[in-house]
Amino acid sequence: MTAVFSHGRLRLYLLKLLDDGPKHGYELIRLLEDRFLGLYAPSAGTIYPRLQRLEVEGLVSHTAAGGRKTYDITDAGREELRQRAGELTALETDIAASVADLSSLAGEIRSEVRGSARDLKRELSEATRQTRRARWEAPAPPPRPASTGGPQGELLDELDQRLAAFTAEVGRLMRARQFSDTQLRTAIRLLDGALDGLRRLLR
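Fair warning: this is a prediction, and the values are worked out from it, not measured in the lab.

Quick word on the overall build of the chain
Alright, step 1. Along its length, the chain carries seven helices and three strands.
Alright, step 2. Reading the chain from its N end, one meets helices and strands in the order α-β-α-α-β-β-α-α-α-α.
Alright, step 3. By element, 57% of the accessible surface of the chain is carried by carbon and sulfur atoms, the whole surface being about 14,100 Å².

Things to note about helix 2 (residues 25–35)
Alright, step 1. Turning to helix 2, its buried residues number three or more, namely Gly-25, Leu-28, Ile-29 and Leu-32. Take helix 2 and look down its axis: the buried residues cluster within an arc of 100°, on one side only.
Alright, step 2. Check the buried side of helix 2 and you find it contacts helix 1 (9–19), strand 1 (23–24), helix 3 (44–56) and strand 3 (68–73).
Alright, step 3. Two residues or fewer after helix 2 comes Leu-37, characterised by a positive phi angle close to 55°.

Comments concerning the pattern of salt bridges
When the charged atoms of two side chains lie near each other, side chains of opposite charge can form a pair.
Alright, step 1. The full count for this structure, using the stated rule, is twelve salt bridges.
Alright, step 2. In this structure, Glu-79 and Arg-82 form a salt bridge, with 2.8 Å as the shortest nitrogen-oxygen distance. Here Arg-82 and Glu-79 lie together in helix 4 (residues 75–83), a separation of three residues that amounts to about one turn.
Alright, step 3. Judged by relative accessible area, Arg-82 falls into the exposed class, the value being 56%.
Alright, step 4. Because the salt bridges share partners, they merge into one network encompassing Arg-11, Arg-53, Glu-57, Glu-80, Arg-84 and Glu-87.

Some details on the packing of helix 1 against helix 4
Alright, step 1. Running from N to C, helix 1 and helix 4 cross one another at 115°; their axes reach a closest spacing of 10 Å. The way helix 1 lies across helix 4 gives a crossing that is left-handed. Residues Arg-11, Leu-12, Leu-15, Lys-16 and Asp-19 of helix 1 pack against Gly-77, Arg-78, Glu-80 and Leu-81 of helix 4.
Alright, step 2. For the contact of helix 1 with helix 4, the per-class residue count stands at three nonpolar, one polar and five charged.

Some points on the environment of Gly-21
Alright, step 1. Locating Gly-21 in the fold gives a position in the loop between helix 1 and strand 1.
Alright, step 2. When the C-alpha positions of Gly-21 and Ile-73 are compared, they lie 7.9 Å apart, and in sequence the two are 52 residues distant.

Structural notes on the packing of aromatic side chains
Alright, step 1. Throughout the structure, instances matching the rule amount to two aromatic pairs.
Alright, step 2. An angle of 40° between the planes, with centres 5.8 Å apart, marks the rings of Phe-5 and Tyr-13 as tilted.
Alright, step 3. With a relative accessible area of 2%, Phe-5 lands in the buried category.
Alright, step 4. Ring centres of Phe-5 and Phe-36 lie 5.8 Å apart, and the angle between their planes is 70°; on these two criteria the pair is classed as edge-to-face.

As for the pairing of strand 2 (residues 60–65)
Alright, step 1. Of the pairings in the sheet, the one linking strand 2 to strand 3 comprises six bridges and is antiparallel in character. Counted as the bridge partner of Ala-64 is Lys-69 from strand 3.
Alright, step 2. Linkage of strand 2 to strand 3, two consecutive antiparallel strands, is achieved through a turn of two residues, within which Gly-66 is found at a positive phi near 60°.

Describing a nonpolar patch on the surface
Alright, step 1. Taken together, the side chains of Leu-156, Leu-159 and Leu-163 make up a nonpolar region of the molecular surface, amounting to roughly 240 Å² of accessible area.
Alright, step 2. Here Leu-163 is to be found in helix 6 (residues 150–176).
Alright, step 3. The class for Leu-163 is partly exposed, based on a relative accessible area of 44%.

Considering the environment of Leu-28
Alright, step 1. When you line up the elements, Leu-28 lands in helix 2.
Alright, step 2. The spacing of Leu-28 and Tyr-48 is 20 residues in sequence and 9.9 Å in space, taken between C-alpha atoms.
Alright, step 3. Each residue touching Leu-28, except ones within four places of it in the same chain, is listed here: Leu-14, Leu-17, Leu-18, Lys-23 and Leu-51.

Looking at helix 4
Side chains that are three or four residues apart share a direction in an α-helix, a result of its 3.6 residues per turn.
Alright, step 1. For helix 4, the set of buried residues is Gly-77, Glu-80 and Leu-81. Down the axis of helix 4, the smallest arc covering the buried residues is 100°, so these residues share one side. Turned more than 90 degrees away from the buried face of helix 4 sit Asp-75, Arg-82 and Gln-83, all of them exposed.

About the thresholds
Residues numbered from 1 in each chain as written. Predicted model: local features only at pLDDT ≥ 70, side-chain atom pairs only at ≥ 80, totals over all residues. Heavy atoms only, no water. Helix = DSSP H or I, 4+ residues; strand = E, 2+ residues; numbered from the N terminus. Areas by Shrake-Rupley, 256 points an atom, 1.4 Å probe, with all protein chains shown as cover. Buried < 20%, exposed > 50% of the residue type's maximum accessible area, 1.4 Å probe, protein only. Arc of directions from axis to C-beta. Contact = heavy atoms within 4.5 Å. Salt bridge = Lys/Arg side-chain N within 4 Å of Asp/Glu carboxyl O. Axes fitted to C-alpha atoms, helices over the stretch in contact; angles between N-to-C directions. Left-handed = near helix turned anticlockwise from the far one by under 90°. Nonpolar A, V, L, I, M, F, W, Y, C, P; charged D, E, K, R; others polar. Phe/Tyr/Trp six-rings, centres within 6.5 Å; stacked < 30°, edge-to-face > 60°. Pairing = 2+ DSSP bridges. Patch = residues over 30% accessible without salt bridge, like charges linked within 9 Å, V, L, I, M, F, W, Y side chains within 5 Å.

Here it is, written out as structure tokens:
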């Protein structure tokens, strides 16, 4: 439990909440959570034993309906609130300060998490880009022996140029945007089919 509610102060704050009107335990938990902007919420194991103790002391009473207990402050509970008005004012001040501290801490944590997430996303994007580049920008093939001239040599030179242009174009397309798994599998099958056809032709 947050230190704001040490030394029986949660008991006092429960009386304050019930002074606003009857409530069941779950409502009290939600009101406390709202008061702390969702940064702290007491458990049922924290709230219900205190309500039972307050009831034993005659400061609250309860009615049961539909299997749920609704608690209400008694005249004795209101008298205790009046007697401890100064403590309650100090408690409200401490709660406001605690909420401000928790909000500031939560803001710092969110900023750090967002920064870390951005860094991780940037690193993953760069790794993906480099992997694609390594995959599609294959190193230049070893130089082919100089052609001996004539029609066949010119055709071999043209084939080299077409292969280089093909590799560059595929690399450009792959870097241009994200692709679905289906598109990538289809592209792989097309490349495999083209390679098999060339193997059979050039054997």
